[in-house]
Amino acid sequence: MSAKKKKNETVEEPIASYATRSIRVFSSHEEQAHYELEQMAKLSSIEILQQMRKLINLAYGMHGFDPTKLPQQHTIKIIKK
């Protein structure tokens, strides 16, 4: 592909994905904390747990989290050395 042709190509981005985000500016840390508490209060327990799981996966580099396919039973093995 020639350099001239590459220069004329455009990238189409979905504008709708940017429309829902906004930047909020707070005048103090207390105001920010109050806003975050209000937003968390609007969420259900399941939504809070799902957000927490996403953050854990992000922190540990785990990919492919699917909240609809959670294990029904958890086991912990204690290995003696």
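Scroll up a little and you will see the structure.
Cut-offs and rules
Residues numbered from 1 in each chain as written. Predicted model: local features only at pLDDT ≥ 70, side-chain atom pairs only at ≥ 80, totals over all residues. Heavy atoms only, no water. Helix = DSSP H or I, 4+ residues; strand = E, 2+ residues; numbered from the N terminus. Buried < 20%, exposed > 50% of the residue type's maximum accessible area, 1.4 Å probe, protein only. Areas by Shrake-Rupley, 256 points an atom, 1.4 Å probe, with all protein chains shown as cover. Phe/Tyr/Trp six-rings, centres within 6.5 Å; stacked < 30°, edge-to-face > 60°.

S.K.: Please clarify how the overall build of the protein chain should be interpreted in this entry.
M.R.: Across its full length, the protein chain holds four helices and zero strands. For the protein chain, the α and β elements follow one another from N to C terminus as α-α-α-α. Counting across all 81 residues of the protein chain, residues that qualify as buried make up 1%. Surface accessibility of the protein chain: about 8700 Å² in total, with carbon and sulfur atoms responsible for 58%.

S.K.: Explain the packing of aromatic side chains to me, please; I cannot follow it from the model alone.
M.R.: One pair of aromatic rings is described through two measures. These are the centre distance and the angle between the planes. Enumeration over the complete set of coordinates arrives at one aromatic pair. Ring geometry for F26 against Y35: centres 5.5 Å apart, planes inclined by 50 degrees, an arrangement best described as tilted. Given a relative accessible area of 25%, Y35 falls into the partly exposed group.

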